[in-house]
Amino acid sequence: MQGILDKIDTQYQSKLPFVIYAAPNSETLQAFFQRNAVLESFFGQSGFVFAPFSNSEKYILSEKQCDFFEAIIKEKNNTDSTFEKEETDPLVKNDFEDLVKRSVDAILEGQFQKVVVSRKVNLAVSINFKNTFLKLVMQYKTAFRYLFFHPEIGMWMGATPEQLLKIEGTTINTVALAGTQLYNDTLVWEAKEIQEQQFVTDFITNEIKPFVEEIKLSEPYTAKAGTLAHIKTNIEATLINRELAKELLYKMHPTPAVCGLPKKEAMEFVLKEEGYDRKFYSGFLGEWNRNETSNLFVNLRCMEIEEKQINLYVGCGITKDSIPEKEFYETENKLATMLKIIN
Ligand SMILES: C=C(O[C@@H]1C=C(C(=O)O)C=C[C@H]1O)C(=O)O
């Protein structure tokens with residue numbers, strides 16, 4: 001494992017793009033190291049895709065331009081974070097709750113049924129990105145864990161619980177994931193969360209229908225993600241034709257787990273009302289067409305790492321029944337996921 005970590009240092013010092021990642025429950029780190037600093041647009045070629053939330057331009061570290069490495073993860077002592085975040089400014093809390101209120105009003109006016117609103121939290125800390133990444137790898141084993149760098153994009157890191165799309169041959173797998181609370185053994189889901197997750201299941205089922213032969217849905221169940229719990233439905237289907245994969249991906253993204261329903265109206269609201277640029281947060285990332293397999297995830301529980309600060313991104317689904325203060329605390333709980341691993 002040390003070899004691959006040393007390679008990250010060399011690559012970063014030379015300002016060359018790389019991504020290092022581990023699939024959910026995998027004990028293996030995989031990495032793409034690009035041999036030049038080109039920013040390559042994604043148009044279906046194989047490699048590791050990195051796509052923003054809204055912008056139509058998507059990027060790739062392509063197989064053709066990269067060297068590929070793998071290493072077995074060696075457990076390291078996972079010390080608790082000593083980082084202590086200051087209490088959130090009441091003005092920030094107010095602003096977010098106001099955004100939630102405006103979202104609920106728009107829903108009651110009939111503009112859309114669900115919208116996912118988010119905020120960005122800047123923390124003035126310089127982190128050791130390698131140590132922080134290792135901590136994240138150990139701490140969130142069931143998540144898709146990654147560290148991405150491109151000199152023209154910057155550095156991003158995350159541990160996401162949400163699969164966007166897996167394609168193996170003609171079999172596709174995806175999930176509808178929504179609804180959040182702190183995990184405990186006896187938790188109960190309320191109608192608001194059940195509905196917001198159902199919106200995601202219905203949207204995905206509808207969007208994939210023209211592309212597939214048969215759709216199999218699991219019952220919704222509770223999925224643990226760190227200290228949080230979400231409602232999850234597994235969705236499996238058979239593609240009519242593998243050539244349709246990219247078109248299907250673009251139909252699905254962004255799902256109502258990160259944008260809203262209907263998609264277009266919710267997207268317009270997010271872009272107009274959120275008041276900041278989500279960049280790659282709630283975009284998607286992962287392998288595209290590697291050994292006949294694509295494995296993409298939604299970029300959640302993530303941070304953007306700059307020299308002297310980090311930006312954390314968190315959001316939550318709003319329906320007509322949302323209570324602004326409760327939604328604010330949901331974003332605080334999601335923030336804690338990333339705060340726990342800051343070195
Ligand atoms: C938007 C986020 O998460 C998404 C929103 C959820 C919700 O609203 O309950 C739950 C899981 C994710 O689909 C985030 O983590 O920032």
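Everything below is about the structure shown above.
Bear in mind the structure is a predicted one, so any value in this text is a computation, not a measurement.

### Concerning the overall build of the protein chain
Across its full length, the protein chain holds 7 helices and 19 strands. For the protein chain, the C-alpha radius of gyration of 19 Å lies close to 20 Å, the compact-globule estimate for 343 residues. For the C-alpha atoms alone, the extent of the protein chain along its principal axes is close to 55 × 50 × 40 Å. Among the 343 residues that make up the protein chain, the fraction classed as buried is 54%. Contacts in the protein chain between residues at least 24 apart in sequence constitute 72% of all its contacts with a sequence separation of at least 6. With 39 positive and 49 negative side-chain charges, the protein chain shows a separation of 3 Å between the mean positions of the two kinds.

### Here's the deal with the packing of aromatic side chains
Inspection of the entire model under this criterion finds 22 aromatic pairs. Pairing Phe50 with Phe148 gives two aromatic rings, centres 3.8 Å apart and planes at 10 degrees, and the pair type is stacked. On the criterion of sequence distance, the pair formed by Phe50 in strand β4 (residues 47-51) and Phe148 in strand β8 (residues 144-150) is long-range, its members being 98 residues apart. We note that Phe50, like Phe148, is buried. One aromatic cluster in this structure is built from Phe50, Tyr59, Tyr146, Phe148, Trp156, Tyr276, Phe280, Tyr281 and Tyr313. The cationic tip of Lys58 hangs over the ring face of Tyr250; the distance from NZ or CZ to the ring centre is 4.7 Å.

### Considerations on the state of the cysteines
With the rule as written, the count across this model stands at 0 disulfides. Cys259 provides the cysteine sulfur closest to Cys316, a residue in no disulfide bond, and the two sulfurs are 14 Å apart.

The rules behind each value
- Residues numbered from 1 in each chain as written.
- Predicted model: local features only at pLDDT ≥ 70, side-chain atom pairs only at ≥ 80, totals over all residues.
- Heavy atoms only, no water.
- Helix = DSSP H or I, 4+ residues; strand = E, 2+ residues; numbered from the N terminus.
- Rg over C-alpha atoms; globule rule 2.2 N^0.38 Å.
- Buried < 20%, exposed > 50% of the residue type's maximum accessible area, 1.4 Å probe, protein only.
- Contact = heavy atoms within 4.5 Å.
- Lys, Arg positive; Asp, Glu negative; His and termini not counted.
- Charge placed at Lys NZ, Arg CZ, Asp CG, Glu CD.
- Phe/Tyr/Trp six-rings, centres within 6.5 Å; stacked < 30°, edge-to-face > 60°.
- Lys NZ or Arg CZ within 6 Å of the ring centre and 35° of its normal.
- Disulfide = S-S within 2.5 Å.

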